[in-house]
Amino acid sequence: MEKENLKEIYLAGGCFWGTEHYFKQIDGVVDTEVGYANGTTEDPTYKEVCTDKTGFAETVHVRYDPNKVSLRFLLEMYFKAIDPTSVNQQGHDIGTQYRTGVYYTDSADEATIKEIFTEQQQYVKGMIAVENLPLKNFYKAEDYHQDYLDKNPDGYCHLPKSLFEFARKAKDTEK
């Protein structure tokens, strides 16, 4: 598929190792890259992001084929992998870099994102704490973070392995 036919979305779901691995399982996701989004410094390192002083969230850049999978479906899958009411924490990971967020580059996606947030609110107790913002900046994480769980199958992950199997089997029935 030509790169210009792909769409993209940036998803922060706690530790990016598991979030990336989860989205890689979904049919229609063409490419993923982990990095740091919407912070206040230039080209941060992992060590700097972990200080809670840079404002960055561990984020997965998801490129997908809109002929195979919709943004709606990806966001519905995203909400299955996070605790949407948790602030600056997913699983045992605590800190501002572990906050949840949906960051978009195409303003045409904003309406779909808002619609999904509204729909998801009815399924949770408390208010959704997931950021919904335009992407301000994104810096690729160090190479050892890329495809981490592929390289380290028994590596740490806040997501249960059953969720990866769920993502592998999930299909966007609207496509």
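Please read these numbers as outputs of a predicted model, since none were measured by experiment. (Residues numbered from 1 in each chain as written. Predicted model: local features only at pLDDT ≥ 70, side-chain atom pairs only at ≥ 80, totals over all residues. Heavy atoms only, no water.)

(A) The arrangement of the sheet that holds strand β6 (residues 100-104) in detail. Read from one edge of the open sheet, 6 strands run β7-β6-β1-β3-β2-β8, paired in mixed fashion. The two strands at the open ends of the sheet, each matched to only one other strand, are β7 (131-134) and β8 (138-140). The average undirected angle you get between the axes of adjacent strands in this sheet is 35°. Direction of pairing for strand β2 (residues 29-37) relative to β8: antiparallel, over a ladder of 3 bridges. Across the sheet, residue Tyr36 finds its bridge partner in β8, namely Tyr139. Packed on one face of the sheet, helix α3 (residues 71-80) meets β1 (7-13), β2, β3 (57-64) and β6 and runs near 10° to β1. (Pairing = 2+ DSSP bridges. Helix = DSSP H or I, 4+ residues; strand = E, 2+ residues; numbered from the N terminus. Axes fitted to C-alpha atoms, helices over the stretch in contact; angles between N-to-C directions. Contact = heavy atoms within 4.5 Å.)

(B) Geometry of the pattern of salt bridges. With the rule as written, the count across this model stands at 15 salt bridges. Linking Asp106 and Lys7 is a salt bridge whose minimum nitrogen-to-oxygen distance equals 3.4 Å. With Asp106 in the loop between β6 and α4 (110-121) and Lys7 in strand β1, this residue pair connects regions lying 99 residues apart in the sequence. The closest approach of N and O atoms between Lys24 and Asp147, which form a salt bridge, is 2.9 Å. Of this pair, Lys24 sits in helix α1 (residues 16-24) while Asp147 sits in the loop between β8 and α5 (148-151), and the two are 123 residues apart along the sequence. Exposure remark for Asp147: the relative accessible area of 30% places this residue in the partly exposed category. Here the residues in one salt-bridge network are Arg72, Glu76, Glu115 and Glu119, joined through shared partners. (Salt bridge = Lys/Arg side-chain N within 4 Å of Asp/Glu carboxyl O. Buried < 20%, exposed > 50% of the residue type's maximum accessible area, 1.4 Å probe, protein only.)

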